[in-house]
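Commentary on secondary and tertiary structure
Here's the letter readout for the chains.
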Amino acid sequence: GSESIADFTVDGAVTLYHNGTSKFSTTADGVDVSGYLKAQEVNTHWHFVAASQDIDSAAVVDFGTQITKGSAISESGGRFTVAVAGTYIIMYQMNNASDADDTTNVYLRKNTTRIGGSLYYEGPTAGQDYSSQGGHIIVALAANDVVDLYGVGNWSGNTNNEAGTYITGIRIGE
């Protein structure tokens, strides 16, 4: 047919077409993309949930149920080791058990050193059945760095993807 699939200009732009429409073009400033740019890093992510737990002495929170985990992540007893260095976003939430008066105080650690603030709340007050708090952090991790949530408390959880107590992370850049 007469349809272009690509244009190459000496010392100039390269343009790629899909079904006759320009989708990708190089410019003096970089690249122009028409439509959606999809990028996927399938091996550097994790999502784990925790069953209900009551931890009276500070310890690593064991997120014992894997919902998803990429091949470049390993997990053991709530500790997550990354095999690929990069910038990661880590999100976590704790859901206080309805009948627990325990104070919950947990925080994220990188190689056993605290990073970021605490998730802290006291047991429920009259008329309040559940109390949830979450946090997120963007952090640079080197290969073989270990992250975990550490602390004390009593929280409700589940072993499916509807659990209110979870930790999830994904590599978002180099």
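This text follows the structure it describes.
Residues numbered from 1 in each chain as written. Predicted model: local features only at pLDDT ≥ 70, side-chain atom pairs only at ≥ 80, totals over all residues. Heavy atoms only, no water.

Across the eleven residues that make up strand β10 (residues 86-96), a large majority, eight, are buried. Pairing of β10 with strand β15 (residues 166-173), which is carried by seven bridges, proceeds in the antiparallel orientation. Along β15, the bridge assignment pairs Tyr92 with Ile167. (Buried < 20%, exposed > 50% of the residue type's maximum accessible area, 1.4 Å probe, protein only. Helix = DSSP H or I, 4+ residues; strand = E, 2+ residues; numbered from the N terminus. Pairing = 2+ DSSP bridges.)

Another point: the pattern of salt bridges. Scanning the model with the defined rule gives three salt bridges in all. Among the ionic pairs, Arg79 bridges to Asp148, the shortest N-O distance being 3.9 Å. With a gap of 69 residues between them, Arg79 in strand β9 (residues 79-82) and Asp148 in strand β14 (residues 146-156) connect regions that are remote in the sequence. A relative accessible area of 2% means that Asp148 is categorised as buried. Here Asp148 makes a salt bridge to Arg109, at a shortest N to O gap of 2.8 Å. Taken together, the positions of Asp148 in strand β14 and Arg109 in strand β11 (residues 104-110) put the pair 39 residues apart, joining distant regions of the chain. (Salt bridge = Lys/Arg side-chain N within 4 Å of Asp/Glu carboxyl O.)

Following the sequence through the fold, His18 ends up in strand β2 (residues 14-18). Take His18: its relative accessible area is 54%, and that puts it in the exposed class. For the pair His18 and Ser4, spaced 14 residues apart in the sequence, the C-alpha separation amounts to 8.7 Å.

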